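Commentary on secondary and tertiary structure
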Amino acid sequence: MSYDSILYEEQDEIGILTLNMPEKRNALGIHAETEITECLQDAAKCHDTKVIILRANGPVFCAGHDRPEILNQPVSNIRKLFQTSFNLMNTIRNAPQCVIAEVHAIAMAGGCHLVAGCDLITAARDNAQFGMTGLIYSYNCTTPTVAVSRAVGQKKCMEMLMTAGLYSAEESREMGLINKVFADDQLQEKTMELAKDICKSSKYAIYMSKQNFYAQVEMTEQQAYMFAKEMMAQQGVSVNAIEGFSAFIEKRDPVWNDDTF
């Protein structure tokens, strides 16, 4: 498929989705978010793709939502914009692939939300920055709070909201918002290495690991253990788990059957 606001390509088992509106600082709007959503939904149907890397072109990763789609708009239009945003975040969450945000520069407001909603985040040490900057405009970053508050502690999330400041890659890693910090000129190479490492497993295992994690994290501990017990039982008789255990015992490389996904 061809897109106006993004680029998409596949390299073996890895999809690369690139925000491609540098002239607008990759600002998010209904059209851009719909295209990202449709791209991810289309990629979900591909049995070969196990990881999707989300990156961006230009000097800014993503400056948040496009201001003209909010300023002087009726509440119904703004509600539609953020319903589109919700659809995108829900698609990332439910995608069978592991989605890695590869952040080379500033990700602010809705851009920080987009990044925080991904499964893993890598960042450039010198140029990447993260922030919920809505209060600069007297506009609370409510939707980014949903994803960010689930990644960092409540007090740190409140600090990000109230100061509307930008945090460096190292600060963001220390607070638990991002996973890996790499030298700027090695970001793409190292993120690709991470993606390839994940691809060593079956797509089924990647999907189940992702979905089971997000399911149990919202449960009480007792509920989570009951859920985990059932999932371990069901997954233990899956084609790929049997192949994985057999290959380990037989000291050979596994041959995954992702057609059963």
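Residues numbered from 1 in each chain as written. Predicted model: local features only at pLDDT ≥ 70, side-chain atom pairs only at ≥ 80, totals over all residues. Heavy atoms only, no water.

Some thoughts on the sheet that holds strand β4 (residues 60–62)
Defined as follows: Here a strand pair is declared whenever DSSP counts at least two bridges between the two strands. The helix count covers DSSP runs of H or I at least four residues long, the strand count covers runs of E at least two residues long, and both are numbered beginning at the N terminus.
Pairing within the open sheet is mixed, and its four strands lie in the order β4-β6-β8-β9. In this open sheet, the two strands that pair with only one neighbour each are β4 and β9 (167–168).

Re the sheet that holds strand β10 (residues 180–182)
Just so we agree on the cut-off: What counts as an axis is a line fitted to C-alpha atoms, over the stretch in contact for a helix, and the angles between N-to-C directions run from 0 to 180 degrees. Should any heavy atoms of two residues lie within 4.5 Å, those residues are counted as being in contact.
Taken in spatial order, the six strands of this open sheet run β1-β2-β3-β5-β7-β10, and their pairing is mixed. A single partner strand is all that each edge strand has here, and the edge strands are β1 (6–11) and β10. Ignoring strand direction, the axes of neighbouring strands in this sheet form an average angle of 20°. Pairing of strand β2 (residues 14–19) with strand β3 (residues 51–56), which is carried by six bridges, proceeds in the parallel orientation. Each bridged residue has a counterpart across the sheet, and for I14 the counterpart in β3 is V51. Here helix α7 (residues 187–198) sits on the sheet in contact with β1, β2, β3, β5 (98–103), β7 (120–124) and β10, set at roughly 170° to β5.

Quick word on helix α2 (residues 75–94)
To keep it simple, the criterion reads: Helices are assigned an expected span. That span is 1.5 Å times one less than the residue count. Relative accessibility thresholds used throughout: buried, under 20% of the residue-type maximum; exposed, over 50%; partly exposed, between the two (1.4 Å probe, protein chains only). As used here, the arc is the angular range of directions from the helix axis to the C-beta atoms.
Helix length check: α2, at 20 residues, gives a terminal C-alpha distance of 28 Å against a target of 28 Å (1.5 Å per residue), a fit within 8%. Among the residues making up α2, those that are buried are I78, L81, F82, T84, S85, L88, M89, T91 and I92. Seen end-on, α2 carries its buried residues on one side only, within an arc spanning 165°. Structural note: α2 exposes V75, R79 and K80 on the side pointing more than 90 degrees away from its buried face. Those residues of α2 hidden inside the fold are in contact with α1 (30–44), β5, α3 (110–116), α4 (142–148) and α8 (203–216).

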